[in-house]
Amino acid sequence: FKITKESFGYGFNLDDALAAIKAAEYGSSLEIKLDYLDPSVTEESILANLFADELGSYTAWQNSSYDRATNLRLACQSLNGVIIYPGEVFSYNKTLGERTEEKGYRPGPSYVGTDTEDLIGGGICQVATTLYYCALKADLEILERECHQFAIVYAPLGVDATVSYGSLDFRFRNNTEYPILIKASASGGTTSITLYGTDDKDYYVKMESVVLDRYPYETVYEDRTEEGFEEGEEVITPYTGYKVNTYRCKYDKATDELISRTFEDVSIYSKRDSVICKVEVPTEPSESTGSAGETTETTQPGSEPTETTQPSNEPT
């Protein structure tokens with residue numbers, strides 16, 4: 001939905017015109033002047049009255065490549081200016097549609113199982129997360145949300161949202177009595193979203209995240225030289241796993257006292273071990289050989305023959 005800009009009209013006052021006609025003499029000419037008619041509702045008045053209050057705002061930042069930054073910008077362009085009417089359900093995937101090359105989306109890092117791969121539209125979960133955090137602050141009804149496979153860096157634990165067209169969506173309902181306007185923008189690796197509407201609440205919302213458990217990652221050494229990695233190079237970046245409960249906390253605007261603390265959701269982030277490339281070094285033969293390739297033996301008085309071997313060259 002979009003706001004249709006107002007336009008001026010032309011017209012005259014009917015009562016004044018009838019009075020002028022009644023007072024005119026027979027056979028005379030009468031001119032009725034048309035005046036500008038101002039619209040009773042303008043775009044400015046709608047914005048001033050319906051979207052005067054900031055309901056929720058958040059800015060998320062992460063280092064981004066040109067391709068990922070492009071995806072963020074396109075996603076924000078699809079959200080910017082969208083109006084959600086009272087009772088209406090917002091769907092992230094329906095609003096953005098499928099992320100395709102034809103729309104300008106570019107390959108970006110995405111989680112596929114336990115791996116990270118470049119997929120078309122990768123990175124736009126940052127926009128979904130930013131919007132989710134805003135919806136929580138605005139105390140809107142969350143209908144569908146999934147956390148990421150691994151913990152992310154651009155939002156607190158437990159307030160992220162991952163999306164995948166055709167499978168994972170982020171949806172919420174405008175459970176207020178007034179329309180809500182989305183303003184979204186992206187620059188570089190930064191996304192900023194603000195929800196505007198009419199705030200008639202006597203409280204504000206803060207989110208609380210409680211870490212219930214941690215799953216530390218381990219460091220594993222594997223030979224990945226065939227994949228082009230060098231000795232000591234990190235093949236897979238690690239993630240610490242978490243189990244997190246989030247709570248929606250309402251505070252009185254006048255006193256800042258806690259009114260209620262309601263369970264929101266549980267988020268479980270998997271751990272991912274760090275993999276370091278360790279080049280396998282071929283081991284030396286364990287026996288010392290003579291010029292003819294035969295084993296050389298030495299004997300000690302009164303003892304059985306023993307083999308003289310080269311020092312072990314196994315990797316540590």
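Residues numbered from 1 in each chain as written. Predicted model: local features only at pLDDT ≥ 70, side-chain atom pairs only at ≥ 80, totals over all residues. Heavy atoms only, no water.

Caption draft 1: Highlighting the layout of surface pockets. Looking at the largest pocket, its volume works out to about 1,000 Å³. Pro 109, Ser 110, Tyr 111, Thr 116 and Gly 123 are, among the 42 residues lining the largest pocket, the residues nearest its centre. Put simply, the parts of the chain that give the lining of the largest pocket at least two residues each are β6 (107-112), β7 (115-120), α5 (125-137) and β14 (234-236). The element that contributes the greatest number of residues to the lining of the largest pocket is β7, accounting for four residues. Taken together, the residues of the lining of the largest pocket break down into 17 nonpolar, 17 polar and eight charged. (1 Å grid on protein atoms, 1.4 Å probe; cavity = no way out; pocket = protein on both sides within 12 Å on 5 of 7 lines; lining within 4 Å. Points joined across faces, edges and corners; volume = space filled by probe spheres on them. Helix = DSSP H or I, 4+ residues; strand = E, 2+ residues; numbered from the N terminus. Nonpolar A, V, L, I, M, F, W, Y, C, P; charged D, E, K, R; others polar.)

Caption draft 2: Inspection of the nonpolar core at higher detail. Core analysis: the largest hydrophobic core is formed by 42 residues, its most contacted members being Leu 79, Tyr 92, Leu 131, Ile 182 and Leu 195. If you list the elements that add at least two residues to this core, you get β3 (53-61), α3 (66-79), α4 (92-96), α5, β10 (180-187), β11 (190-197) and β12 (203-215). Per element, the largest residue contribution to this core is nine residues, and it comes from α5. In terms of nonpolar packing, the next biggest core, distinct from the first, is built from five residues, Cys 147, Ala 151, Tyr 242 and Tyr 269 among them. (Core = buried A, V, L, I, M, F, W, Y, C linked by side-chain atoms within 4.5 Å. Buried < 20%, exposed > 50% of the residue type's maximum accessible area, 1.4 Å probe, protein only.)

Caption draft 3: Just unusual backbone geometry, in detail. For Asp 139, which is not a glycine, the phi torsion comes out positive at approximately 60°. Checked against the element boundaries, Asp 139 lands in the loop between α5 and β8 (141-144). Classification of Asp 139 by relative accessible area gives buried; the value is 11%.

Caption draft 4: Representation of the side chain of Asp 139 within the structure. At a separation of 2.4 Å, a polar atom in the side chain of Asp 139 contacts the side chain of Tyr 203. Contacts of Asp 139, omitting those with residues within four sequence positions, involve Asn 175, Lys 201, Tyr 203, Val 205, Arg 248 and Lys 250. (Polar contact = N/O pair within 3.5 Å; in protein donor to acceptor, adjacent residues only side chain to side chain. Contact = heavy atoms within 4.5 Å.)

Caption draft 5: Structural context of helix α1 (residues 14-23). Across the 10 residues of α1, one count as buried, placing the element largely on the outside. Between the side-chain oxygen of the N-cap and the backbone nitrogen of Asp 15 there are 3.1 Å, and the N-cap of α1 in question is Asn 13.

Caption draft 6: Representation of the pattern of salt bridges within the structure. For the structure shown, the criterion picks out 17 salt bridges. For Glu 208, the salt bridge is made with Arg 261, and the minimal N-O distance between the two is 3.0 Å. A residue pair is termed long-range when its members are at least 10 positions apart, and Glu 208 in strand β12 and Arg 261 in strand β16 (residues 258-269) qualify at 53 residues. Residue Glu 208 is classed as partly exposed on the basis of its relative accessible area of 28%. For Glu 227, the salt bridge identified is with Arg 224, shortest N-O distance 3.5 Å. For Arg 224, a relative accessible area of 17% corresponds to the buried category. (Salt bridge = Lys/Arg side-chain N within 4 Å of Asp/Glu carboxyl O.)

Caption draft 7: Spatial organisation of the sheet that holds strand β17 (residues 274-277). The strand order across the open sheet formed by three strands is β13-β17-β14, and the pairing between neighbours is mixed. Only two strands of the sheet have a single neighbouring strand rather than two, namely β13 (219-222) and β14. For this sheet the average axis-to-axis angle between neighbouring strands, irrespective of direction, equals 35°. Pairing analysis gives four bridges linking β13 to β17, with the strands arranged parallel. Directly across from Glu 222, in β17, lies its bridge partner Cys 277. (Pairing = 2+ DSSP bridges. Axes fitted to C-alpha atoms, helices over the stretch in contact; angles between N-to-C directions.)

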